Protein chains: 2
Amino acid sequence: MRKRVSLHPAHAILHGMESNWDDLKAVLFLVRHGTLAAAGSALGVAYTTVARRVERMEKAVGTPLFERLTDGYRVTEAGREVAYHAEQMEQQHIALERRLAGQDQHLRGSLTVTAPQLLIAACLAKPIGAFADAHPDVDLTIRATNDLLDLNRREADLAIRVSNDPGDTLTGLRLAEQAQASFATPDLANRIAADPAACVEWVMHVSAKGPPKPSLASHPNARVKLWLDDMVAILGAAQAGLGVVRLPMFLGRSTPGLVQVPILPPQPYIPIWCVAHRDVWKGGKVRAFREALVAYFRENRDQFT
Amino acid sequence: MRKRVSLHPAHAILHGMESNWDDLKAVLFLVRHGTLAAAGSALGVAYTTVARRVERMEKAVGTPLFERLTDGYRVTEAGREVAYHAEQMEQQHIALERRLAGQDQHLRGSLTVTAPQLLIAACLAKPIGAFADAHPDVDLTIRATNDLLDLNRREADLAIRVSNDPGDTLTGLRLAEQAQASFATPDLANRIAADPAACVEWVMHVSAKGPPKPSLASHPNARVKLWLDDMVAILGAAQAGLGVVRLPMFLGRSTPGLVQVPILPPQPYIPIWCVAHRDVWKGGKVRAFREALVAYFRENRDQFT
DNA sequence: GCAAACTCACGCGTTTTCGCATGTGTCGGG
DNA sequence: CCCGACACATGCGAAAACGCGTGAGTTTGC
């Protein structure tokens with residue numbers, strides 16, 4: 001095998017500073033987290049180890065990378081330079097992990113999926129459980145959060161999102177169209193049906209602009225009783241009979257104690273997407289989970305419209 | 001110091017494979033050098049260590065990265081993928097070293113300079129020696145090679161090159177214009193001067209196209225006796241009286257036993273440049289060496305034309 | 001105003017990693 | 001044919017790295 005695969009014709013003689021790549025990672029994490037303890041726990045090592053690695057790094061570079069403060073380490077200019085390049089290296093490392101995950105066609109190992117809290121609670125719990133049962137060798141982690149996790153950084157392998165497009169760098173698939181409608185307790189719904197002129201009291205998310213305009217035509221007498229910034233809290237308010245809420249169909253239907261209020265017909269809402277990074281899209285586990293989702297949403301399409 | 005410098009808002013929870021960055025480096029070097037022993041010596045560790053790190057890496061990835069052959073390790077497709085990303089990480093690491101070297105204004109530590117073999121032997125030895133004496137804390141390494149070392153990879157900090165421009169990505173400074181002329185032993189030179197019609201025998205570098213055209217006007221009777229691919233060998237041939245050679249002025253003048261042959265007046269030749277990567281150009285040691293060079297070439301300009 | 005929680009520094013015992021030495025198999029030249 | 005050069009595997013002792021515990025100082029909160 002005399003044929004040497006040479007990615008670089010000449011090999012460098014790097015004089016002086018021969019630094020350890022892992023020490024760079026310690027600097028990066030210390031910059032990110034500010035204290036030795038936090039960086040250490042993020043790295044999965046004791047904080048003293050972080051301190052040692054940073055010391056080694058400073059010795060290798062020849063200049064201090066951090067100022068020692070009473071409540072943490074503050075990065076210096078030189079330290080920021082090091083951290084910047086360490087971050088670039090980390091990007092490459094993450095990219096590698098993605099590509100390996102994408103090539104891995106086995107149905108075992110870890111798989112992390114993120115989805116909106118309430119979508120999981122109301123619909124996805126069942127298909128997720130079925131997937132976990134069907135593939136016991138897959139180490140399935142669900143991150144129920146409304147935050148948009150960074151799929152580029154592989155904070156999750158696959159995301160279920162309520163949005164109009166998969167995003168710039170991601171590959172996606174539209175799982176379902178959605179419609180939204182108005183919901184309230186049966187008591188409240190009956191009262192509104194009985195007297196269209198009565199005042200309709202709304203409970204709304206702070207991001208909404210106000211009562212839906214089409215509803216004002218039939219029920220002009222409307223006011224917003226309460227603004228909330230959390231959907232779970234809104235559901236609770238609606239169940240307590242505080243007012244009428246506007247919800248995607250799946251959520252209103254699956255919430256006990258709420259019925260649809262015929263103020264206005266269901267309106268189009270944001271569709272549900274399944275998105276992933278291109279590199280992992282064709283990976284075995286991601287593919288399998290995605291196909292399970294597609295099957296589920298095909299069978300239960302009417303839940304959402 | 002509650003203000004946390006956050007290069008990334010959320011920190012990734014990288015499930016499964018927690019790989020060591022240094023193990024990636026081992027894979028990269030093993031791909032480059034083909035055998036454990038070669039990779040180990042390039043890394044400055046024992047080859048057993050390389051083997052162990054690669055094993056760890058394969059275990060982490062889950063697929064073999066190399067085929068074990070009787071005469072070395074052959075990289076697999078997955079291994080190539082890993083090595084590619086490791087190489088990208090290495091690029092970042094090298095870039096970091098460059099930037100730190102560029103910020104370092106101290107006149108101590110290592111400095112590597114490359115220059116053509118014969119230019120060092122004929123001219124640069126003196127100013128280089130003076131620099132070394134003037135800056136005893138600088139660990140000066142001279143790489144006398146005709147290869148173009150990769151300044152991007154920091155195979156050298158600074159290069160003295162005979163070329164027409166500094167190159168794409170590099171910063172440069174023209175140290176001297178050069179002229180070339182014809183040289184031979186005094187005996188041979190006299191004979192040519194005595195009989196312009198006699199046959200002029202040339203010794204040439206294989207890269208030359210043949211006897212210089214202007215010389216054919218006055219001495220049409222010319223043949224190339226010998227082609228050589230090495231300048232030191234050409235000098236030897238000329239000193240042995242094998243023929244007339246074409247040399248840059250500095251080289252012909254400084255070679256004992258050779259005199260200029262008045263076949264044709266000196267012609268323009270490729271100038272001498274001092275080039276370095278932009279990141280290190282303003283660094284203390286590079287700057288000092290460069291200034292010494294400029295001073296030397298200003299004082300000895302007439303050696304080259 | 002004082003205790004709890006937080007930060008880091010330092011020292012020690014343990015674990016891990018490393019380098020060396022030895023053994024095996026293969027290839028090529030004398 | 002055998003021997004040396006070169007490839008790797010394996011096992012063991014030394015060295016380096018690591019984690020834990022302790023102690024000092026500072027901020028936070030009751």
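Since we're looking at a predicted model, the values are computed, not measured.

A. Structural detail: the protein's contact with DNA strand C. If you check the shell around DNA strand C, you find 18 residues, and the closest are Leu36(A), Tyr47(A), Thr49(B), Arg52(B) and Arg53(B). A share of 64% of the atoms of DNA strand C within 4 Å of the protein falls on sugar and phosphate groups. Contact distances for DNA strand C include 2.9 Å between a phosphate oxygen and a backbone N or O atom of Leu36(A). Contributing elements (two or more residues each) for the surface near DNA strand C: α2 (36-43), α3 (47-61) and β2 (72-75) of chain A together with α3 (47-61) of chain B. Sort the elements by how many residues they give to the surface near DNA strand C and α3(B) lands first, with six residues. Of the residues assigned to the surface near DNA strand C, the class counts are seven nonpolar, seven polar and four charged.

B. Quick look at helix α8 (residues 231-239) of chain B. Residue and element names in this part refer to chain B. Restricting attention to buried positions, one finds in α8 the residues Ile 234, Leu 235, Ala 237 and Ala 238. Projection of α8 onto a plane perpendicular to its axis shows the buried side chains occupying an angular sector of 160°, all on one side. Those residues of α8 that are buried are in contact with α5 (117-134), β7 (200-205), β8 (222-228), β9 (245-248) and α9 (249-254). N-capping of α8 is provided by Asp 230, with a side-chain oxygen placed 3.0 Å from the backbone N of Val 232. Gly 241, located one to two residues past α8, shows a positive phi value of around 80°.

C. How the structure looks around the protein's contact with DNA strand D. As a matter of local geometry, DNA strand D sits amid 19 residues, with Thr49(A), Arg52(A), Arg53(A), Tyr47(B) and Tyr73(B) nearest to it. Looking at DNA strand D alone, sugar and phosphate atoms form 66% of those within 4 Å of the protein. Thr49(A) places a polar side-chain atom, nitrogen or oxygen, 2.3 Å from a phosphate oxygen of DNA strand D. The contact in question runs from a phosphate oxygen of DNA strand D to an N or O atom on the side chain of Tyr73(B), over 2.9 Å. Counting only elements with at least two residues in the surface near DNA strand D, the list comes to α3 of chain A together with α2 (36-43), α3 and β2 (72-75) of chain B. The leading source of residues in the surface near DNA strand D is α3(A), at six residues.

D. Just the environment of Val138(A), in detail. Structurally, Val138(A) is set in strand β4 (residues 138-144). Those residues in contact with Val138(A), other than ones at most four positions away along the chain, are Leu107(A), Arg108(A), Gly109(A), Leu111(A), Phe131(A) and Lys285(A).

E. Region of interest: the pattern of salt bridges. Residues and elements named next belong to chain B. With the rule as written, the count across this model stands at 30 salt bridges over all chains. Of the charged contacts, one joins Arg 80 and Glu 77 as a salt bridge, the two residues approaching to 3.3 Å between their closest N and O atoms. Of this pair, Arg 80 and Glu 77 both sit in helix α4 (residues 77-103), separated by three residues, roughly a single helical turn. Here Glu 77 falls in the exposed class, since its relative accessible area comes to 57%.

F. Spotlight on the domain arrangement of chain A. Residue and element names in this part refer to chain A. As far as domains go, chain A holds domain 1 (21-102) and domain 2 (112-305). In this assembly, 10 residues from domain 1 lie in contact with nine residues from domain 2. Here domain 1 and domain 2 share three salt bridges between them. Residue Asp 279 pairs with Arg 98 through a salt bridge whose shortest N-O separation is 3.2 Å. Inspection of the region where domain 1 meets domain 2 yields four residue pairs in polar contact (both at pLDDT 80 or more).

G. Focus on the environment of Leu119(B). All names here are of chain B. Relative to the elements of secondary structure, Leu 119 occurs in helix α5. Considering only alpha carbons, one finds Leu 119 and Leu 251, 132 residues apart in sequence, at a separation of 7.6 Å. Beyond its immediate stretch of four places on either side in the chain, Leu 119 contacts Leu 124, Ile 160, Phe 250, Ile 272 and Phe 304.

H. Structural view of the UniProt feature "domain: HTH lysR-type" (unreviewed entry) in chain A. Taking the UniProt record as the reference, the feature "domain: HTH lysR-type" (unreviewed entry) is found at residues 20-76 of chain A. For residues 20-76 of chain A, the end-to-end C-alpha separation is 20 Å, with 63% helix and 14% strand making up the annotated structure.

I. Fine view of the packing of α5(B) against helix α11 (residues 284-299) of chain B. Residue and element names in this part refer to chain B. Two elements in contact, α5 and α11, have axes whose closest approach is 10 Å; the angle formed by their N-to-C orientations is 135°. Here α11 runs oblique to α5, going by the angle between their axes. In the packing of α5 onto α11, the handedness of the crossing is right-handed. Contact residues: α5 offers Cys 123, Leu 124, Pro 127, Ile 128 and Phe 131, while α11 offers Lys 285, Ala 288, Phe 289, Ala 292, Leu 293, Tyr 296 and Phe 297. Split by residue class, the contact of α5 with α11 holds 11 nonpolar, no polar and one charged.

Rules behind the numbers
- Residues numbered from 1 in each chain as written.
- Chains lettered and ligands numbered in written order.
- Predicted model: local features only at pLDDT ≥ 70, side-chain atom pairs only at ≥ 80, totals over all residues.
- Heavy atoms only, no water.
- Near = heavy atom within 4 Å.
- Polar contact = N/O pair within 3.5 Å; in protein donor to acceptor, adjacent residues only side chain to side chain.
- Helix = DSSP H or I, 4+ residues; strand = E, 2+ residues; numbered from the N terminus.
- Nonpolar A, V, L, I, M, F, W, Y, C, P; charged D, E, K, R; others polar.
- Buried < 20%, exposed > 50% of the residue type's maximum accessible area, 1.4 Å probe, protein only.
- Arc of directions from axis to C-beta.
- Contact = heavy atoms within 4.5 Å.
- Salt bridge = Lys/Arg side-chain N within 4 Å of Asp/Glu carboxyl O.
- Domains from an automatic or database assignment.
- UniProt positions renumbered as here; feature names shortened; annotations may be inferred.
- Axes fitted to C-alpha atoms, helices over the stretch in contact; angles between N-to-C directions.
- Parallel < 35°, antiparallel > 145°, perpendicular 65-115°, else oblique.
- Left-handed = near helix turned anticlockwise from the far one by under 90°.

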